[in-house]
Amino acid sequence: MTRAAIEPSLQAPVGTATDRTPVVRLDEVKKRYIMGDQEVWALAGVSLEIARGEFWAIMGPSGSGKSTMLNLLGCLDRPTAGQYLLEDADVGVLDDDALSDIRLRRLGFVFQNFNLIAQLTVRENIELPMSYLGMPARESAERAAELADRVGLGDRLGHRPTELSGGQQQRVAIARSLANEPAFLLADEPTGNLDSATGDSIMALLGDLHAQGKTIVMVTHEPDVAAHGTHQLHMRDGRIERLEETIT
Amino acid sequence: MSAAPRLFRNVRLGVKTLLLHKLRSSLTMLGVVFGVGAVISMLAVGEGASREALEQIRKLGSQNIIITSQKSLAEASAGTQRTRMSWYGLAYEDEQRILDAVESVDAVVPAKIVRAEARLGERALELRVVGTSPQWFDLVDRDMIAGRTLNENDFVNRASVAVLTEHGARRLLATRGTIGQPVRIGNAVYEVVGIVRSETGQGQGMQTPDRDVDAYIPLQVARDRFGDVYVERRAGSRSRELVELHQLIVRVRSLEEVESAAAAIERLLEIHHPKRDWRMSVPLALLRQAEATQRTFSIVLGSIAGISLLVGGIGIMNIMLASVTERTREIGVRRAIGARKKQIIGQFLIETVVLSTVGGLIGVAIGLAIPLAITAFADMPTSVAPWSVALSLGISMAVGIVFGLYPAVRAANLDPIVALRHE
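Residues numbered from 1 in each chain as written. Chains lettered and ligands numbered in written order. Predicted model: local features only at pLDDT ≥ 70, side-chain atom pairs only at ≥ 80, totals over all residues.

### So, the overall build of chain B
Along chain B, the regular secondary structure elements total 14 helices and 15 strands. Counting every position in chain B, which comprises 423 residues, the buried fraction comes to 41%. Long-range contacts, defined here as pairs at least 24 residues apart, represent 81% of the contacts in chain B between residues at least 6 apart. (Helix = DSSP H or I, 4+ residues; strand = E, 2+ residues; numbered from the N terminus. Buried ≥ 20, exposed ≤ 12 C-beta atoms within 10 Å, placed from the backbone. Contact = placed C-beta atoms within 7 Å.)

### Observations concerning the overall build of chain A
Scanning chain A from terminus to terminus reveals seven helices and 11 strands. The buried share of chain A, reckoned over its 248 residues, is 49%. A sequence separation of at least 24 residues applies to 70% of the contacts in chain A between residues at least 6 apart.

### Quick look at the interface of chain B and chain A
Counting residues at the interface gives 18 residues for chain B and 22 residues for chain A. Secondary structure elements with two or more residues in the side of chain B that touches chain A: helix H1 (3-20), helix H11 (328-336), helix H12 (341-378) and helix H14 (416-421) of chain B. When residues of the side of chain B that touches chain A are assigned to their parent elements, the largest contribution, six residues, is made by H1(B). Residue composition of the side of chain B that touches chain A, grouped by class: nine nonpolar, three polar and six charged. (Nonpolar A, V, L, I, M, F, W, Y, C, P; charged D, E, K, R; others polar.)

### Description of helix H3 (residues 122-133) of chain A
The element H3(A) is extensively covered by neighbouring structure, given that 11 of its 12 residues are classed as buried. Where the residues of H3(A) are buried, they touch helix H2 (96-106), helix H4 (137-150) and helix H5 (166-177) of chain A together with H1 and H12 of chain B. Where H3(A) ends, the next residue or the one after it, A:Gly134, has phi of about 90 degrees, a positive value.

### Observations concerning the confidence of the model for chain B
All names here are of chain B. With 93% of its residues at a pLDDT of at least 70, chain B reaches an overall mean of 84. Element-level mean pLDDT values for chain B span from 48 in strand E9 (residues 202-203) up to 94 in H11. As a predicted assembly, this complex carries a pTM of 0.70 together with an ipTM value of 0.90. (pLDDT = per-residue confidence, 0-100.)

### Brief notes about the sheet that holds strand E2 (residues 22-35) of chain A
Residue and element names in this part refer to chain A. Across the sheet, four strands lie side by side as E3-E2-E5-E6; this open sheet has antiparallel pairing. The open sheet has two free edges, formed respectively by strand E3 (38-51) and strand E6 (89-90), since each of these has just one partner strand. As paired elements, strand E5 (residues 81-86) and E6 share two bridges and run antiparallel to each other. Across the sheet, residue Leu86 finds its bridge partner in E6, namely Ala89. (Pairing = 2+ DSSP bridges.)

### Here we look at the nonpolar core
Residues A:Ile58 and A:Val217 are the most contacted members of the largest nonpolar core, which totals 112 residues. Broken down by element, the residue count for this core peaks at 11 residues, all from helix H2 (residues 22-60) of chain B. Residues within four places of A:Ile58 in sequence aside, it is in contact with A:Lys66, A:Met69, A:Leu70, A:Val217, A:Val219, A:Leu233 and A:Met235. With 59 residues, the next largest nonpolar core counts B:Ile67, B:Trp136, B:Leu172 and B:Ala262 among its residues. (Core = buried A, V, L, I, M, F, W, Y, C linked by C-beta atoms within 7 Å.)

### Here we look at the environment of A:Leu72
Residues and elements named next belong to chain A. Position of Leu72 relative to the elements: it lies in helix H1 (residues 66-73). Residue classification places Leu72 among the buried positions, given that 26 C-beta atoms sit within 10 Å. Between the C-alpha atoms of Leu72 and Val29, which are 43 residues apart in sequence, the distance is 9.5 Å. Those residues in contact with Leu72 that lie beyond four places of it in its chain are Val29, Lys31, Asp77, Pro79 and Tyr84.

### A few points about the environment of B:His167
Residues and elements named next belong to chain B. Within the secondary structure, His167 sits in helix H7 (residues 166-172). With 21 C-beta atoms packed within 10 Å, His167 lands in the buried category. Taking the C-alpha atoms as reference points, His167 and Val196, separated by 29 residues in sequence, lie 9.0 Å from one another.

### Looking at the environment of B:His422
Residues and elements named next belong to chain B. Take His422: it is sitting in the segment after H14. A tally of 14 C-beta atoms within 10 Å means that His422 is categorised as partly exposed. It is 9.4 Å that separates the C-alpha atoms of His422 and Thr325, two residues lying 97 residues apart in sequence. Ignoring any residue separated from it by four or fewer positions in sequence, one finds His422 in contact with Thr328, Arg329 and Gly332.

### Some thoughts on the packing of H2(B) against helix H10 (residues 283-326) of chain B
Residues and elements named next belong to chain B. Relative orientation of the contacting elements H2 and H10 amounts to 180 degrees, with a least axis distance of 9 Å. For the element pair H2 / H10, the angle class is roughly antiparallel. Tallied by class, the residues present in the contact of H2 with H10 amount to 21 nonpolar, nine polar and one charged. (Axes fitted to C-alpha atoms, helices over the stretch in contact; angles between N-to-C directions. Parallel < 35°, antiparallel > 145°, perpendicular 65-115°, else oblique.)

### Here's the deal with H1(B)
All names here are of chain B. Helix length check: H1 (18 residues) gives 26 Å between terminal C-alpha atoms against 26 Å at 1.5 Å per residue, within 8%. By the burial criterion, the buried members of H1 are Gly14, Thr17 and Leu18. For H1, the buried positions fall inside an angular range of 95 degrees around the axis, keeping them on one side. Counted as exposed and oriented over 90 degrees from the buried face of H1: Ala4, Pro5, Phe8, Leu19 and Leu20. Here the buried face of H1 lies against H2 and H12. (Expected span 1.5 Å × (residues − 1). Arc of directions from axis to C-beta.)

### Structural notes on unusual backbone geometry
Residues and elements named next belong to chain A. Residues other than glycine seldom take positive phi values, yet Glu181 does so here, at roughly 50 degrees. In this structure, Asp237 is a non-glycine residue whose phi angle is positive, near 50 degrees. Mapping Asp237 onto the fold places it in the loop between strand E10 (231-236) and strand E11 (239-247).

### Notes on the pairing of strand E8 (residues 188-196) of chain B
Residues and elements named next belong to chain B. In this structure, strand E5 (residues 144-147) lies alongside E8, joined through three bridges in antiparallel fashion. If you follow Gly147 over to E8, its bridge partner there is Gly194. Looking at chain direction, strand E6 (residues 161-165) and E8 are connected through five bridges and run parallel. In the sheet register, Val161 faces E8, and the bridge partner there is Glu191. Here strand E7 (residues 182-185) pairs with E8 via four bridges, running antiparallel. Counted as the bridge partner of Arg184 is Val189 from E8. The loop that links E7 with its antiparallel partner E8 comprises two residues; one of these, Gly186, has a positive phi angle of about 65 degrees.

Printed below as a string of structure tokens:
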């Protein structure tokens, strides 16, 4: 495995290649926060393209803008300036309901602290996105069972999240993120709360999903974890510091 | 997926969430429980009391006007003189006068009340006998227990027949078998032709016309046999009175004309009886008055109900706001995985509506139980109006929506990013 460092350019977006279908295209995207009477540019102009089937790891020190980047990519936020195209959708101009719909149908989230809903069982947690989609109960229950099987928790459907280990909870969260068959998964430090062995198994699971064609963007500060990706994006002060591509 | 099963699923999840905090949820419901319970039981007590009063007034006949002879004030003060005979009250001509002068009147029934010794078989006692016309039984609507009422033939033929009231029959120990048998009243013998049900109660300070009446006989017979002079012995003194008729019951042809007819009769009687030796009572006016009182009562109760449900609602809102804060992260997660604002609002609204509706249902159960207990232990009439149950259930659901809306909207408007970071 070798890595080629590509110097970022403000003009041409990084990661461009002619033979790839872009899932994500950021063009000079900026994000500003007002903190008190101070403006903070969490993103100070980022351009990039992520193609179908790629697995990006975003790295950087705290305050580098990697979380803002993930929120933006996850359609939880809109850019202050610049353009974000997710497949055919111009995220910057969509209203709240349309963004919710994109998150529901096209995106899957995996969080550091799993974020399962405590009062719901494993099955109900996995069913949640399907229920927001309006899928009939029987169908969504079946699909939840399949997904639980897929992450190796087919026998835990009736359990509460608190009855599961951290690794198991993260597997449920991954199953939930897959509920509506999104093409694009976003993971925020997915192994951050797990011991290394468990973390490895979660990374193996994400690797499988990548192998099955999912596009994945993951924020992490662990180089070992980032190494699972096809691309490593290093950020600093709201800008792209460099992009490394893993050549296999 | 159609709306009904989805709603059912959401309600089930809402119930499940509420059951996670059983104590908190039940305490939250208490406000609505007591509000609804109090409203239904208070209304039941009020309704029970007023229904009894209204029922009494209706028995007087709402199309009727009742004119009763009474001593004028001057007569009453002069009545203490032994030698004097007081002469007062309605005259025989008044019946025709009213019938002729007031167009909207379709019947006038005279009543002459006499007290006489009576004997039926072995039983002898003093009866209160009313001499009247057959129409009495049309105007004062009572069920027959046995036999028949007085009829036109009895009236024209001055027949010696008597109809006993339930009250009189009981006193005389008369039964169905008594029909056709002779009863001696005063110095004459009458054939008992019927027994009629009677009312002995009192409504809004007004006597029903058949209160304490034991028997009816044709008016002419009463007039011929008993005359118009009454001697009353009381504590050694003796007073003599001359009264032609004790009562006139006037029936007006429609409810709308009762008030104008009453006014017309009043003017007429003032001309012929300037001493005001009569008084008039209009059941309809009393009915209206009783209804107005009841309305006021209902408004007062309604306000109390409103306040208690408002307090209950504020309690619910308070808890739901706390719940939104507590579940900020959950809301963030739901938003992140794709829930629309509307769906978050729906989720929280369902929880408050479930809370307030379950509270309302428990309140209804309490509201139905309390009147039963009041009737059983305090012996007061109560009547649960179905509309009061429907109304308070409806209001409690509305309370859930109104007071749940603000916390729900607040939950939905949380920034998902901030909500996700919330610890």
